[in-house]
Amino acid sequence: MSQTASLPPSPAPAIELRGVSRRFADPGGRLVGVLPTSLRIATGEIHGIIGFSGAGKSTLLRIVNLLERPDAGEVIVHGQDLTRLSAAGLRQARHRIGMIFQHFNLLHNQTVADNVALPMRIAGENPARIRERVKACLDFVGLAEKADTYPGRLSGGQKQRVAIARALAPEPHVLLADEPTSALDPRTTLDLLGVLADANRKFGVSILLVSHEMEVIRRLCHRVSVMEGGRIVEQLDIADGRIPEGSRLASWLSDFGAGPAASPSPAGRPDADTRHHFALEAAHA
Amino acid sequence: MPETTSLFDTLNELLPEILKATGETLLMMAICLSAAIVISGALGLLVFLTSRGQSLERFRAFNLVANGVINVVRSFPFIILLVAISPFTRVIAGTSIGPLAASVPLSIAAIFYFARLIEQTLRDVPRGVIEAAEAMGASPLQIVRHVLLVEARSGLVLAVTVLAVSFLSYSAVAGVVGGGGIGDLAIRYGYYRFQTDVMLITIVLLVVLVQSIQFLGQWAARHVDKR
């Protein structure tokens, strides 16, 4: 990890979406997706996107690495407009954009170490460098002793740690996280948020995270965008886990009976405030 | 005096025939399985990759045509395919009789049968895992090598097993063009000449072969499956 640059004070955003839109029909024939939307994420920032399912938050996230190609707009990651790249150029750019998923998406027939090595093998790194990075990243997520295990033998939290190690191995500029804790229990969720926060502090990787869990956003993110009906309806700074009073997000939380939305999240008390945890999800169900 | 002949005597008497038939069967199987694995390996992968939502979806025209051809060839009852393509067989094998000639229609049937089998096996690879590789910047070829062949490998081994058992049985029909083989022996002696003991011997031999293939296939599939 030694070569990893620490957070540069550069004003250039890590991610900039300019007027991106993507519309498609859901299985019920309803038009969903993202209406023309712009979003800037500073280098080193952890940015959350929250909203109900169908609000377009996952689509917006997947536009950043062009897993969803936008119908219009520009997608600038680390100074490069991905929408203008050739197929080969896009693959090259994706080598430095990490991604983790709700269901981990590990290869079950490969060991933990081979899973972590995969993005670097794809990028054509040399074997010595791959070995070094695999070790460093598994150390970082605390799973060095599981290197030769197959993912089928790991718990959900451990699988997501492997996925984080895999995403960090090629030293990405940005890390995209699509509901990374939604398949995990509250305690494991807190552990994982700790790993993500560490990765951000230690390696300066900017993180864009989608979640429907308020607690995840409050504990991890510096800023949050609230999405509704395919657009960002509010953007807030979350200092010390406080949701600013009078914000739309605060009124959502109180509407859904989740208690005072502006209550601080006490650091170091993992079980506190878990009643907020599934607030939005429960309200939606 | 066939009625006093014991099963053992028949076996002894027919042993050279049985060995020859077994050799012919193995030859036909080796040819058609190799052709199927090499050619349908590529064909099945291409059909899968060009299907909706996969990384070569832009070549969906290929998918539609290949699917159509696979379905048409698979519609033919094998014995009709065998006769229908005999001019083609003569071009390839130089003759239209014998085990080598029979291997041509067998290979063609196996190629299209196995292409479908491969395509269906690959569909079991979770979309999310393929997507994760795409997000890492994997090319279609890298997805094949690092994801599809890795995650589907036990399914692919089982697909080869099913293919081998099916074509052991198909190869019996090869007798029609003098292809020989164990199935042909069963038909010629057991069925046409009412030699029940020969029938019995060949059936036992086939059962043993099928059991061995199945056992080996399942063992190998379990061995490579770490899920």
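Since the structure is predicted, the reported quantities are computational estimates derived from the model, not experimental observations.

Engineer: Talk me through the overall build of chain B; I want residue IDs and the actual numbers.
Structural biologist: Scanning chain B from N- to C-terminus turns up 10 helices and 0 strands. For chain B, the α and β elements follow one another from N to C terminus as α-α-α-α-α-α-α-α-α-α. Seen through its principal axes, chain B has C-alpha atoms that stretch 75 × 40 × 25 Å. If you take every contact in chain B between residues at least 6 apart in sequence, the share linking residues at least 24 apart comes to 70%.

Engineer: Summarise the overall build of chain A; cite the residues concerned and give the values.
Structural biologist: Of regular secondary structure, chain A possesses 9 helices and 10 strands. Residues classed as buried in chain A amount to 44% of the 285 residues present. Across chain A, the fraction of contacts at a sequence separation of at least 24, relative to all contacts at a separation of at least 6, is 66%.

Engineer: Please provide a residue-by-residue account of the environment of leucine 33 of chain B, values included.
Structural biologist: Residue and element names in this part refer to chain B. Looking at where leucine 33 falls in the secondary structure, it is placed in helix α1 (residues 7-49). C-beta crowding within 10 Å serves as the criterion here: with 19 such atoms nearby, leucine 33 is assigned to the partly exposed category. For the pair leucine 33 and phenylalanine 114, spaced 81 residues apart in sequence, the C-alpha to C-alpha distance is 9.2 Å. What leucine 33 contacts, discounting residues up to four positions off in sequence, is Ala110, Leu163, Ala164 and Phe167.

Engineer: Break down the interface of chain A and chain B for me, citing the residues and quoting the values.
Structural biologist: Across the contact, 21 residues belong to chain A and 18 residues belong to chain B. The set of elements that each furnish at least two residues to the side of chain A that touches chain B consists of α2 (87-94) and α3 (112-122) of chain A. In terms of residue count, the dominant contributor to the side of chain A that touches chain B is α3 of chain A (4 residues). For the side of chain A that touches chain B, a count of residues per class yields 9 nonpolar, 9 polar and 3 charged.

Engineer: Quick one: what's the story with the environment of leucine 148 of chain B, residue by residue and with numbers?
Structural biologist: Residues and elements named next belong to chain B. Relative to the assigned elements, leucine 148 resides in helix α7 (residues 140-151). The buried category is assigned to leucine 148, around which 23 C-beta atoms lie within 10 Å. Along the primary structure leucine 148 and phenylalanine 76 are separated by 72 residues, whereas in three dimensions their C-alpha atoms are 30 Å apart. The residues contacting leucine 148, other than those within four sequence positions of it, are Leu122, Val125 and Ile143.

Engineer: Lay out the nonpolar core in plain terms, naming residues and giving numbers.
Structural biologist: Counting 135 residues, the largest nonpolar core has Val116 and Ala165 of chain A together with Ala110 of chain B as the members making the most contacts within it. In terms of residue count, the dominant contributor to this core is helix α5 (residues 99-122) of chain B (15 residues). Here this core spans two domains, since at least three of its residues come from each of domain 1 (13-96 + 174-181 + 188-284) and domain 2 (103-171) of chain A. Contacts of valine 116 of chain A, omitting those with residues within four sequence positions, involve Val134, Cys137, Leu138, Val162, Ala165, Arg166 and Ala169 of chain A.

Engineer: Tell me what's going on with the sheet that holds strand β6 (residues 97-100) of chain A, and back it up with residues and numbers.
Structural biologist: Residue and element names in this part refer to chain A. Here we have 6 strands laid out as an open sheet, ordered β6-β7-β8-β3-β9-β10, and mixed in their pairing. Of all strands in the sheet, those with a lone pairing partner are β6 and β10 (231-237), marking the two edges. Between one strand and the next, the sheet's axes are offset by a mean angle of 20 degrees, whatever the strand orientation. As paired elements, β6 and strand β7 (residues 174-178) share 4 bridges and run parallel to each other. When the sheet's bridge partners are listed, glycine 98 is paired in β7 with leucine 175.

Engineer: Lay out the packing of helix α2 (residues 60-75) of chain B against α5 of chain B in plain terms, naming residues and giving numbers.
Structural biologist: All names here are of chain B. At a closest axis distance of 9 Å, the pairing of α2 and α5 adopts a crossing angle of 130 degrees. The angle between α2 and α5 places the two elements in the oblique class. Crossing of α2 against α5: the hand is left-handed. Contact residues: α2 offers Ile70, Val73 and Arg74, while α5 offers Ile108, Phe112, Tyr113, Ala115 and Arg116. For the contact of α2 with α5, the class distribution of residues is 6 nonpolar, no polar and 2 charged.

Engineer: Which residues make up the packing of helix α8 (residues 153-170) of chain B against helix α10 (residues 196-224) of chain B, and what values do they have?
Structural biologist: All names here are of chain B. For the pair α8 and α10, interaxial distance at closest approach is 8 Å and the crossing angle is 170 degrees. Classified by the interaxial angle, the pair formed by α8 and α10 is roughly antiparallel. Touching Arg153, Ser154, Val157, Leu158, Val160, Thr161, Ala164, Val165 and Leu168 of α8 are Leu206, Leu209, Val210, Ile213, Gln214, Gly217, Ala220, Ala221 and Val224, all from α10. When grouped by side-chain class, the residues that make up the contact of α8 with α10 number 13 nonpolar, 4 polar and 1 charged.

Engineer: Describe the domain arrangement of chain A, listing the residues and the values that go with them.
Structural biologist: Accessible area lost upon the coming together of the parts is a frequently used measure of interface size. All names here are of chain A. For chain A, the domain assignment lists domain 1 (13-96 + 174-181 + 188-284) and domain 2 (103-171). With 10 residues of domain 1 at the contact, the number on the domain 2 side is 11 residues. When residues of the side of domain 1 that touches domain 2 are assigned to their parent elements, the largest contribution, 6 residues, is made by helix α6 (residues 186-203). The residue inventory of the side of domain 1 that touches domain 2, partitioned by class, reads 6 nonpolar, 2 polar and 2 charged.

Engineer: With reference to specific residues and values, describe the pairing of strand β3 (residues 46-50) of chain A.
Structural biologist: All names here are of chain A. The buried count for β3 comes to 5 of 5 residues, which makes it a mostly enclosed element. Along β3, one buried face is formed by Ile46, Gly48 and Ile50 and the opposite face, lined by His47 and Ile49, is buried too. Note that β3 and strand β8 (residues 206-211) share 5 bridges and pair parallel. Across the sheet, histidine 47 pairs through a bridge with leucine 208, a residue of β8. In this sheet, strand β9 (residues 223-228) lies alongside β3 in parallel orientation, the contact comprising 4 bridges. Its bridge partner being in β9, glycine 48 is matched across the sheet by valine 224.

Engineer: So, unusual backbone geometry: which residues are in play, and what are the values?
Structural biologist: Phi at leucine 66 of chain A takes a positive value of approximately 65 degrees, unusual for a residue other than glycine. Within the secondary structure layout, leucine 66 of chain A lies in the loop between α1 (57-64) and β4 (72-77). Taking the number of C-beta atoms within 10 Å as the measure of exposure, leucine 66 of chain A has 19 and is therefore partly exposed. In this model, phenylalanine 194 of chain B sits at a positive phi of 55 degrees, which is unusual for a non-glycine residue.

Engineer: With reference to specific residues and values, describe the sheet that holds strand β5 (residues 80-81) of chain A.
Structural biologist: On the basis of which strands lie adjacent, the open sheet formed by 4 strands has the order β2-β1-β4-β5 (chain A) and antiparallel pairing. Looking at strand neighbours, the two that pair on one side only are β2 (31-42) and β5 of chain A, the edges of this open sheet.

Basis of the calculations
Residues numbered from 1 in each chain as written. Chains lettered and ligands numbered in written order. Predicted model: local features only at pLDDT ≥ 70, side-chain atom pairs only at ≥ 80, totals over all residues. Helix = DSSP H or I, 4+ residues; strand = E, 2+ residues; numbered from the N terminus. Contact = placed C-beta atoms within 7 Å. Buried ≥ 20, exposed ≤ 12 C-beta atoms within 10 Å, placed from the backbone. Nonpolar A, V, L, I, M, F, W, Y, C, P; charged D, E, K, R; others polar. Core = buried A, V, L, I, M, F, W, Y, C linked by C-beta atoms within 7 Å. Domains from an automatic or database assignment. Pairing = 2+ DSSP bridges. Axes fitted to C-alpha atoms, helices over the stretch in contact; angles between N-to-C directions. Parallel < 35°, antiparallel > 145°, perpendicular 65-115°, else oblique. Left-handed = near helix turned anticlockwise from the far one by under 90°.

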